[in-house]
Amino acid sequence: VDRPSPHELSYDPLARYTQLAKQLKQQRGFKTLEHERALRTSNPSLGSLAPRVDRPSPHELSYDPLARYAQLAKQFKQPRGFKTLEHERALRTSNPSLGSLAP
């Protein structure tokens, strides 16, 4: 009996650690002081969250080259299995007849 009452912790290191582990565990979402300071300094003002002013409507593209490229990249992406005209011509000319595929 290394502890006189149930609310006291044991002096056995392994038992003491298992009893203290729940008390010393950090809560979910815990941030260190340095992390909170960084969040406070990088917090954007409400004015910077306003919509872009270089285009009047959301469906119009921006004139900023980087933003315009990012918006157009999805439209110019080739679908899966896309073949160029030269590739399709090569496939048509090298298409073997059914008789030559027999074992």
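In what follows, the structure referred to is the one given above.
Remember, it's a predicted structure, so these values are computed and weren't measured experimentally.

Caption draft 1: Main features of the overall build of the chain. What the chain contains, in helices and strands, is four helices and zero strands. When the 103 residues of the chain are sorted by exposure, 6% land in the buried category. Of the roughly 10,200 Å² that the chain leaves accessible, carbon and sulfur atoms contribute 59%.

Caption draft 2: Highlighting the pattern of salt bridges. Scanning the model with the defined rule gives one salt bridge in all. Ionic pairing is found between R92 and E88, a salt bridge with its closest N-O pair at 3.6 Å. With a gap of four residues between them, R92 and E88 both fall in helix 4 (residues 85-93), about one helical turn apart. Judged by relative accessible area, R92 falls into the exposed class, the value being 59%. E88 gets classed as partly exposed once you look at its relative accessible area, which sits at 31%.

Caption draft 3: Looking closely at the side chain of S10. Considering the arrangement of structural elements, one finds S10 in the segment before helix 1 (13-24). Side-chain polar atoms of S10 contact the backbone nitrogen of D12, separated by 3.1 Å.

Definitions and limits used
- Residues numbered from 1 in each chain as written.
- Predicted model: local features only at pLDDT ≥ 70, side-chain atom pairs only at ≥ 80, totals over all residues.
- Heavy atoms only, no water.
- Helix = DSSP H or I, 4+ residues; strand = E, 2+ residues; numbered from the N terminus.
- Buried < 20%, exposed > 50% of the residue type's maximum accessible area, 1.4 Å probe, protein only.
- Areas by Shrake-Rupley, 256 points an atom, 1.4 Å probe, with all protein chains shown as cover.
- Salt bridge = Lys/Arg side-chain N within 4 Å of Asp/Glu carboxyl O.
- Polar contact = N/O pair within 3.5 Å; in protein donor to acceptor, adjacent residues only side chain to side chain.

Taken by themselves, the reported measurements are silent on function.
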